[in-house]
Amino acid sequence: MKAMTRQQLAAHAGVSTRTLNNWLRPYRRKLRAMGMPDGKQAFPPNIVAWISRRFCIDLNRQGDGSP
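The rules behind each value
- Residues numbered from 1 in each chain as written.
- Predicted model: local features only at pLDDT ≥ 70, side-chain atom pairs only at ≥ 80, totals over all residues.
- Heavy atoms only, no water.
- Helix = DSSP H or I, 4+ residues; strand = E, 2+ residues; numbered from the N terminus.
- Contact = heavy atoms within 4.5 Å.
- Buried < 20%, exposed > 50% of the residue type's maximum accessible area, 1.4 Å probe, protein only.
- Arc of directions from axis to C-beta.
- Salt bridge = Lys/Arg side-chain N within 4 Å of Asp/Glu carboxyl O.
- Core = buried A, V, L, I, M, F, W, Y, C linked by side-chain atoms within 4.5 Å.
- Axes fitted to C-alpha atoms, helices over the stretch in contact; angles between N-to-C directions.
- Parallel < 35°, antiparallel > 145°, perpendicular 65-115°, else oblique.
- Nonpolar A, V, L, I, M, F, W, Y, C, P; charged D, E, K, R; others polar.

Participant: Hey, could you run me through the environment of Met36 in this one?
Facilitator: As for its placement among the helices and strands, Met36 is situated in the loop between helix H3 (28-34) and helix H4 (45-54). Sequence-wise, Met36 and Asn46 are ten residues apart; in three dimensions their C-alpha atoms are separated by 8.9 Å. With residues up to four places along the chain from it excluded, the contact list for Met36 reads Leu31, Phe43 and Ile47.

Participant: In this structure, what is going on with helix H1 (residues 6-13)? I would like to understand it.
Facilitator: Residue pairs spaced three or four apart in an α-helix point in one direction, given the helix's 3.6 residues per turn. Restricting attention to buried positions, one finds in H1 the residues Arg6, Leu9, Ala10 and His12. Axial view of H1: buried residues confined to an arc of 160 degrees, hence all on one face. Looking at the buried side of H1, the elements it contacts are helix H2 (17-24) and H4. Just downstream of H1 lies Gly14, where phi reads positive at about 75 degrees.

Participant: Sorry if this is basic, but what is going on with the side chain of Ser52 here?
Facilitator: Looking at the secondary structure, you find Ser52 in helix H4. Among the residues examined, Ser52 registers a relative accessible area of 9% and is labelled buried. If we skip the residues at most four places from it in the chain, Ser52 touches Ile57 and Leu59.

Participant: I keep staring at the pattern of salt bridges and nothing clicks. Help me out?
Facilitator: Applying the stated rule across the entire model yields one salt bridge. Where Asp38 meets Arg32, a salt bridge forms, and the shortest distance between an N and an O atom there is 2.8 Å.

Participant: Mind showing me how you'd approach the nonpolar core here?
Facilitator: A general feature of soluble globular proteins is that nonpolar side chains tend to end up buried together. Formed by 14 residues in total, the largest nonpolar core has its most connected members in Leu9, Leu20, Leu31, Phe43 and Ile51. Elements that contribute at least two residues to this core include exactly H1, H2 and H4. Counting residues per element, this core draws most heavily on H4, which supplies four residues. The residues touching Leu20, leaving out its near neighbours within four places in the chain, are Arg6, Leu9, Ala10, Val15, Phe43 and Ile51.

Participant: What is the right way to read unusual backbone geometry from this model?
Facilitator: Unlike most non-glycine residues, Cys56 shows phi in positive territory, near 50 degrees. One can find Cys56 in the segment after H4.

Participant: What should I look at first to understand the packing of H1 against H2 in this one?
Facilitator: When two helices pack together, their arrangement is given by the angle between their axes and by how far apart the axes lie. As a packed pair, H1 and H2 sit with axes 9 Å apart at the nearest point and diverge in direction by 90 degrees. For the element pair H1 / H2, the angle class is roughly perpendicular. Taking contact as the criterion, the partners of Arg6, Gln7, Leu9, Ala10 and Ala13 in H1 are, on H2, Thr17, Leu20, Asn21 and Trp23. By residue class, the composition of the contact of H1 with H2 is five nonpolar, three polar and one charged.

So this is what it looks like as structure tokens:
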């Protein structure tokens, strides 16, 4: 697992960054306690792993819309 920006993670999920942020809103406290940075910094690997498990995001898939 590697660190990812919000844009990269949203692309893997096939959604916009706005939608990704809306998905994460109810979990904000938990994610901050886990070490999620404020602002536009990249998500650390543990946060990327948690988000991908929680929202069933396949990180092995290309993030550009290809299958």
